[in-house]
Amino acid sequence: MNISLHSYRRLLSTYLKPQRLRVGMLAVLLGGSISLQLVSPQILRYFIDTARSGASLRTLTGVALFFLAVALAGQLVSVAETYVAENVGWTAANRLRADLALHCLQLDPGFHNLHTPGDLIERIDGDVAALGNFFSRFVGYVLGNGILLIGVLVLLWRIDWRIGLAVTTFVGAALIVLSYFRNFAVPHWAAARQANADLFGYLEERLGGTEDIRSSGAVAYALRGFFGASRDLLYKQRRAALIGVATTQNTFVLFGLGTAVSLTIAAYLFKLGAITIGTAYLVFSYTEMLSRPLDQLTRQLQDLQQASASIGRIQSILSLRSAVQDGSGVRMPDGPLSVEMDAVSFGYDGEEPVLQDLDFSIPPGQLLGVLGRTGSGKTTLTRLLFRLYDPAAGSIRLGGVDLRDARLQDLRRRVGIVTQDIQLFHATVRDNLTFFDRTISDERIMETLAELGLVDWCRALPDGLDTRLPPGGGGLSAGEAQLLAFARVFLKNPGLVILDEASSRLDPATERRVERAVSRLLEGRTGVVIAHRLQTVQRADAIMILEDARVCEYGAHKQLVADPQSRFSHLLKTGLEEALA
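Everything in this summary refers to the structure shown in the same document. (Residues numbered from 1 in each chain as written. Predicted model: local features only at pLDDT ≥ 70, side-chain atom pairs only at ≥ 80, totals over all residues. Heavy atoms only, no water.)

## Points about the environment of Tyr 235
Under the convention used in this document: Helical segments are the DSSP runs of H or I of at least four residues, strand segments are the runs of E of at least two, and each set is numbered from the N terminus. Per-residue accessibility, obtained with a 1.4 Å probe over protein chains only, is compared with the maximum for each type, and a residue is labelled buried under 20%, exposed over 50%, and partly exposed between these values.
Checked against the element boundaries, Tyr 235 lands in helix α10 (residues 219-246). For Tyr 235, a relative accessible area of 40% gives the class partly exposed. C-alpha separation for the pair Tyr 235 and Ala 195, spaced 40 residues apart in sequence, amounts to 9.6 Å.

Okay, here's the thing in structure tokens:
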């Protein structure tokens, strides 16, 4: 994995430009810190030479106090620089994290089918966290230490050209080595990051299936898989760390040789009387000072190798584009929406068609009941209407508008869906009902709950609408969760309502309660009801039966019931549940 300099530059430009003032302040503080570092040895040289020349105690005390003041100023500047740098780094990292999360949410379901939630969490959080130091320190330290190196070398050249030449040669060799080994450990860090993502994905899946794992006696098997994933992560992180350290230690060997040569020359010049003992100490101090920027550059190289691995993984996600692109913005009409499918065919990932040559239309305000065996394409039909996928052939129109021409935001606002699996968040009842939309008033929420018979339930909660639901909606019955899902759709006030087997997992008493909510929800709206139960489709105006990816029967409810040769009439006679099993 070889990350280009353009990738680094683009990333830094994108997330540091909005923080120009902070970055400018960081540059000023960094410059001040470098200046104070270069001044301190000069004060010590003056102190040593002045002391050897027999200066008074008052003069020496004044120089010592000035040195302490400079040292204290350096510490204060260093603290301020660290504070600003951390703010810059975390602000940039959080913004990147938000952009990456939004990008993942906008990708089509095909992408999410290939990545576990644990893997995506590691990409969004773990990989981005690894870039915090890159944003806050890399540029500042590289530029700052580069300026410090140049400043020290200039001062050494001014002392004596032989010392300057010796140290410059070894510093140049060290920088060449650093540049050469820049990407050596990147593939290994990328493998370590992927191993970490795999471990997160494994944990997420097993923790989500805790009940099934325990009930089937598979705890030992799950732990064995966890140990295997952990062992793989350990080996890959250790290999990456060892290779990263090994590729950066060459600079210390070169620096040791350079220090020995420069000190030998300084001792030789002192014996000749060409320099004072204070200047000899200055050479020693500046040579020692070079170890700090080289050490920091070495550490930055190690961080850069880890950051490069994360940048590569992040770029691989950001480079993906959803197969479902936003439309030009043709607005759908208000009120109930008509539904038209014209020769629609669709298959997942280029496989055999799940739906083929679908042709039907639903007038505004009408209800379509969709029947079919498991795997006949019923749920896929709802996904196409919600535009989670685009059909491979044909067109879908709502209210006369092709879905490809409508804004996704407008489409999702005008279409409401309730499924048998209700997703509830660890958030307040209000946020669970409104999906965090603060524009919906509490009065409207309570009116909706009253229509669904949930007002007493809400008022009995400890904090009413501000009550936080447990993770996954624990503590709620299946019926209550289902009614909350209906309330969500009520608050959207869509023109098309899709019910995907919304009551298939409820007991008869709860189902009757939900059926009243369904009747209320479908008033004045177009509806598509997918069902396995006969009662659910009795209210439908039209019936469509899917079989082998095609429409095997479609017609008005009354017409199909009256026709003894129709498939639907046969289902009524034999029992819908048994016939579709």
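## A short note on the sheet that holds strand β5 (residues 401-402)
Backbone-to-backbone hydrogen bonds join strands into a sheet, with any given pair of strands oriented parallel or antiparallel. As a reminder of what qualifies: Strand pairing is defined by DSSP finding a minimum of two bridges between the two strands. Contact definition: two residues touch when any of their heavy atoms are within 4.5 Å. Note on method: axes are straight lines fitted to C-alpha atoms, helices fitted across the in-contact stretch only, with angles between N-to-C directions ranging 0 to 180 degrees.
On the basis of which strands lie adjacent, the open sheet formed by four strands has the order β2-β1-β4-β5 and antiparallel pairing. Two strands lie at the open edges of the sheet, namely β2 (355-362) and β5, each paired on one side alone. Bridge count between strand β1 (residues 339-346) and β2: five bridges; the pairing is antiparallel. Following the sheet pairing, Met 341 is matched in β2 by Phe 360. Across the sheet, helix α13 (residues 378-385) touches β1, β2 and β4 (393-398), and the angle it forms with β1 is around 115 degrees.

## Things to note about helix α16 (residues 442-451)
Test applied: Each C-beta atom gives one direction from the helix axis, and the arc is the one those directions make.
Looking only at α16, the buried set comprises Ile 445, Thr 448 and Leu 449. Take α16 and look down its axis: the buried residues cluster within an arc of 100 degrees, on one side only. Opposite the buried face of α16, by more than 90 degrees, sit the exposed residues Glu 443 and Glu 447. Buried residues along α16 sit against α15 (429-434), α17 (455-459) and α18 (478-492). At the exit of α16 stands Gly 453, carrying a positive phi of roughly 75 degrees.

## Concerning the environment of Arg 45
Relative to the assigned elements, Arg 45 resides in helix α2 (residues 20-52). Since its relative accessible area comes to 27%, Arg 45 is described here as partly exposed. Along the backbone, Arg 45 and Ile 277 are 232 residues apart, and their C-alpha atoms lie at a distance of 8.2 Å. Those residues in contact with Arg 45, other than ones at most four positions away along the chain, are Gly 278, Thr 279 and Leu 282.

## What about the nonpolar core?
Most often, soluble globular proteins have nonpolar side chains that are buried together. To keep it simple, the criterion reads: For our purposes a nonpolar core is just a set of buried Ala, Val, Leu, Ile, Met, Phe, Trp, Tyr and Cys residues, chained together by side-chain atoms within 4.5 Å.
Within the largest apolar cluster, 43 residues are counted, with the highest numbers of intra-cluster contacts made by Leu 433, Leu 449, Trp 457, Phe 486, Leu 499 and Ile 543. Here this core gets nine residues from one element, more than from any other, and that element is α18. Look past the residues within four positions of Leu 433 in its chain and what remains in contact with it is Ile 445, Leu 449, Leu 484, Ala 487, Arg 488 and Leu 491. Within the second largest apolar cluster, 33 residues are counted, among which are Met 341, Leu 355, Phe 360 and Val 401.

## Remarks on the pairing of strand β9 (residues 542-547)
The buried fraction of β9 is high, at five of six residues. Alignment of strand β3 (residues 367-372) against β9, held across five bridges, turns out to be parallel. Bridge pairing links Val 370 to Met 544 in β9. In this sheet, strand β10 (residues 550-556) lies alongside β9 in antiparallel orientation, the contact comprising six bridges. The partner of Leu 546 across the bridge, within β10, is Val 551. The hairpin formed by β9 and β10 contains two residues between the paired strands, and Asp 548 there has a positive phi angle of roughly 55 degrees.

## Digging into the environment of Gln 325
Heads up, the condition is: Under this definition, polar contacts are N or O atom pairs within 3.5 Å; protein pairs additionally need one hydrogen-donor-capable and one acceptor-capable atom, and for neighbouring residues in sequence, both atoms have to be side-chain atoms.
Tracing the backbone shows Gln 325 in the loop between α12 (277-318) and β1. With 218 residues separating them along the chain, Gln 325 and Leu 107 place their C-alpha atoms 9.4 Å apart. There is a polar contact of 2.4 Å between the side chain of Gln 325 and the backbone oxygen of Ser 322.

## Notes on the pairing of strand β7 (residues 496-500)
As a general feature of sheets, a regular strand has side chains that alternate between the two faces. Among the five residues in β7, five count as buried, and that is most of the element. Where strand β6 (residues 415-419) lies against β7, five bridges are found, and the strand directions are parallel. Paired with Gly 416 across the two strands is Val 497, which belongs to β7. Two elements, β7 and strand β8 (residues 526-530), share five bridges in a ladder whose sense is parallel. Its bridge partner being in β8, Asp 500 is matched across the sheet by Ile 530.

## A short note on the side chain of Glu 553
What counts is decided by this rule: Positive charges are assigned to Lys and Arg, negative charges to Asp and Glu, while His and the chain termini are left out of the count. By definition, a salt bridge exists where a carboxyl oxygen of Asp or Glu is found within 4 Å of a side-chain nitrogen of Lys or Arg.
Within the secondary structure layout, Glu 553 lies in strand β10. The buried charged residue Glu 553 lacks any salt bridge partner; its closest oppositely charged side chain belongs to Arg 567, at an N-O distance of 7.0 Å. Reaching out from Glu 553, the side chain makes a polar contact with the backbone nitrogen of Arg 567 at a distance of 2.6 Å. Polar contacts involving the side chain of Glu 553 include one to the main-chain amide nitrogen of Phe 568, which spans 2.8 Å. Setting aside residues up to four positions removed in sequence, Glu 553 forms contacts with Ile 543, Met 544, Ile 545, Leu 560, Ser 566, Arg 567 and Phe 568.

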